[in-house]
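Observations on chain architecture
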Amino acid sequence: MTAEKKPKNIAFMKDQRFILVIVIILLVIIVSIINPKFIRLTNIMTILQQISVLGILTMAMAMLLISGNIDLSIGNMMTLSAVVMATALKNGQSLAVGVVLAILVSMLCGLINGVIITKSKCIPLIITLGTSQVFYGASLLITGGSFMSFNGELEFMRKVALFDIIPLMVLLMVLVVVFVHFLINKTKFGRRIFAIGGNEKNAYLSGVKVDLYKILTYVISGGMVAIAGIVFAARMNSIAPAAGSGYELDALVAAVIGGVTFDGGRGTISGAILGCLLTGVISSAMDILGVHAYWKIAATGTIIVVAVVISNLENIRKRV
């Protein structure tokens, strides 16, 4: 009985999520000792608000990585969805219409990515790098290269808080995380994309409609990207054509830190959101401690490299 429990305990301690939780707790304790303001509830909510956009994008990226795919266009796709919403509001449409248009446009972008990738059999990384520029160009054409204001239309998202504690932006992120967790772990769709990510050929031979599920994954991720765009617009109260640039890499890094692999077929949603939370805690800790911006960039990069290497230790052991 004891012999059976020991390996399970060891496996649990090696779990990427367990390691991330320990790292986050230790980091919070250390920074709180140096500056007690860090552990205040208001600061915790501020951190969660700051990662709300990234958290939603990380969910989209994690789902794609699990299916064996990737999308480096989600940053500019997010911007385009917000630009479409701003344009609708500028032309006298209601906020509801603007939100629906933003989601539809973003899902259409996901559909375009999915169809091109599945039908051309080209590398997703290259295709989405190309479509990223297309989406960026579309934002430039619509805005004329200048920023667009939302004129306080989304101000309620910054002010409304559940129980006067949890901001609406954070609540939206949590709802997206719960949705993706359920989709990945409790549905046939989730089992299918795990199978495709694990071994696409075997999945196809088992009767899985690989192309259909790949396209659906890109479309669903597009819908989540639009939600991230709405949250981003609410935080900034404006949108510029280049506003989303770089978010795709941040989402990719957060997912990988959380144990989602490039190989596909492996990873957890809970791990991905923990990876996102770790990046948020690190950023906030550096701000509270007054770390210079240059050192902050270097330190963040170092932590990312270390985290990714740690997440790849299993593959390193296998090769040895």
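What you see is a predicted model, and the numbers here were worked out from it, not measured in a lab.

Rules and cut-offs
Residues numbered from 1 in each chain as written. Predicted model: local features only at pLDDT ≥ 70, side-chain atom pairs only at ≥ 80, totals over all residues. Heavy atoms only, no water. Helix = DSSP H or I, 4+ residues; strand = E, 2+ residues; numbered from the N terminus. Rg over C-alpha atoms; globule rule 2.2 N^0.38 Å. Buried < 20%, exposed > 50% of the residue type's maximum accessible area, 1.4 Å probe, protein only. Contact = heavy atoms within 4.5 Å. Areas by Shrake-Rupley, 256 points an atom, 1.4 Å probe, with all protein chains shown as cover. Salt bridge = Lys/Arg side-chain N within 4 Å of Asp/Glu carboxyl O. Patch = residues over 30% accessible without salt bridge, like charges linked within 9 Å, V, L, I, M, F, W, Y side chains within 5 Å. Phe/Tyr/Trp six-rings, centres within 6.5 Å; stacked < 30°, edge-to-face > 60°. Axes fitted to C-alpha atoms, helices over the stretch in contact; angles between N-to-C directions. Parallel < 35°, antiparallel > 145°, perpendicular 65-115°, else oblique. Left-handed = near helix turned anticlockwise from the far one by under 90°. Nonpolar A, V, L, I, M, F, W, Y, C, P; charged D, E, K, R; others polar. Polar contact = N/O pair within 3.5 Å; in protein donor to acceptor, adjacent residues only side chain to side chain. Expected span 1.5 Å × (residues − 1).

**Some points on the overall build of the protein chain**
Summing up its helical and strand segments, the protein chain has 16 helices and 4 strands in all. Relative to the 2.2 N^0.38 estimate, which gives 20 Å for 320 residues, the radius of gyration of the protein chain is 20 Å and therefore close to what a compact globule would have. Dimensions along the principal axes, computed over C-alpha positions, put the protein chain at roughly 70 × 55 × 40 Å. For the protein chain, with 320 residues in total, the buried portion stands at 44%. Restricting to contacts in the protein chain with at least 6 residues of sequence separation, those with at least 24 account for 77%. Total accessible area on the protein chain is roughly 16000 Å²; 68% of this is exposed by carbon and sulfur atoms.

**Re the pattern of salt bridges**
Applying the stated criterion across every chain, the model contains 5 salt bridges. A salt bridge links Glu200 to Lys214; the shortest N-O distance between them is 2.9 Å. Of this pair, Glu200 sits in helix H11 (residues 200-205) while Lys214 sits in helix H12 (residues 210-236), placing them 14 residues apart in sequence. Ionic contacts of the salt-bridge type, sharing partners, join the residues Lys119, Lys121 and Asp211 into one network.

**Quick word on a nonpolar patch on the surface**
A surface patch of nonpolar side chains, amounting to about 1000 Å² of accessible area, comprises Val21, Ile22, Ile25, Leu26, Ile29, Ile30, Ile33, Ile34, Leu289, Val291 and Trp295. Here the nonpolar patch gets 8 residues from one element, more than from any other, and that element is helix H2 (residues 16-34). Of note, Leu26 is situated in helix H2. For Leu26, a relative accessible area of 46% gives the class partly exposed.

**Focus: the side chain of Asn43**
For Asn43, the position within the fold is in helix H3 (residues 41-50). Given the relative accessible area of 13%, Asn43 is considered buried. With sequence-adjacent residues up to four places away left out, Asn43 is seen in contact with Lys37, Phe38, Ser284 and Ile288.

**Re the packing of aromatic side chains**
For the structure shown, the criterion picks out 2 aromatic pairs. Taken together, a centroid distance of 5.9 Å and an interplanar angle of 40 degrees make the contact between Phe189 and Tyr213 tilted. One end of the pair, Phe189, is in helix H10 (residues 188-198); the other, Tyr213, is in helix H12, with 24 residues separating them in the sequence. Looking at Tyr213, the relative accessible area reads 12%, which means it is buried. Seen from their ring centres, Phe232 and Tyr247 are 5.9 Å apart, and the 90 degrees between their planes marks the pair as edge-to-face. Of the two residues, Phe232 sits in helix H12 while Tyr247 sits in helix H13 (residues 247-257), which places them 15 residues apart along the sequence. You can call Phe232 buried: its relative accessible area is 8%. Taking relative accessible area as the criterion, Tyr247 reaches 17% and is therefore assigned buried.

**Points about the packing of H10 against H12**
Look at H10 against H12: their axes get within 10 Å of each other, and the N-to-C directions meet at 110 degrees. When the axes of H10 and H12 are compared, the pair comes out roughly perpendicular. Crossing angle aside, the handedness with which H10 passes H12 is left-handed. Across the interface between the two elements, Lys188, Phe189, Arg192, Ile193 and Ile196 of H10 pack against Val210, Tyr213, Lys214, Leu216, Thr217 and Ile220 of H12. Across the contact of H10 with H12, the residue classes break down as 7 nonpolar, 1 polar and 3 charged.

**Some points on the side chain of Asn113**
Within the secondary structure layout, Asn113 lies in helix H6 (residues 95-120). A distance of 3.1 Å separates a polar atom in the side chain of Asn113 from a polar atom in the side chain of Ser73. Those residues in contact with Asn113 that lie beyond four places of it in its chain are Asp71, Ser73, Met77, Thr128, Thr131, Phe135 and Tyr218.

**Details of helix H4 (residues 52-66)**
Helix length check: H4 (15 residues) gives 21 Å between terminal C-alpha atoms against 21 Å at 1.5 Å per residue, within 8%. The buried count for H4 comes to 15 of 15 residues, which makes it a mostly enclosed element. Gly68, located one to two residues past H4, shows a positive phi value of around 85 degrees.

**Brief notes about the environment of Asp211**
Structurally, Asp211 can be placed in helix H12. In this structure the C-alpha to C-alpha distance between Asp211 and Val23, which are 188 residues apart in sequence, comes to 39 Å. In this structure, Asp211 is in contact with Thr118, Lys119 and Lys121, ignoring residues within four places of it in sequence.

**Thoughts on helix H5 (residues 74-90)**
Helix length check: H5 (17 residues) gives 24 Å between terminal C-alpha atoms against 24 Å at 1.5 Å per residue, within 8%. In terms of burial, H5 is largely enclosed, as 15 of its 17 residues are buried.

**Side note on unusual backbone geometry**
The phi torsion at Lys121 lies on the positive side, around 60 degrees, for a residue other than glycine. Locating Lys121 in the fold gives a position in the loop between H6 and helix H7 (124-143). For Asn151, which is not a glycine, the phi torsion comes out positive at approximately 50 degrees. By secondary structure assignment, the location of Asn151 is in the loop between strand E1 (148-149) and helix H8 (155-159).

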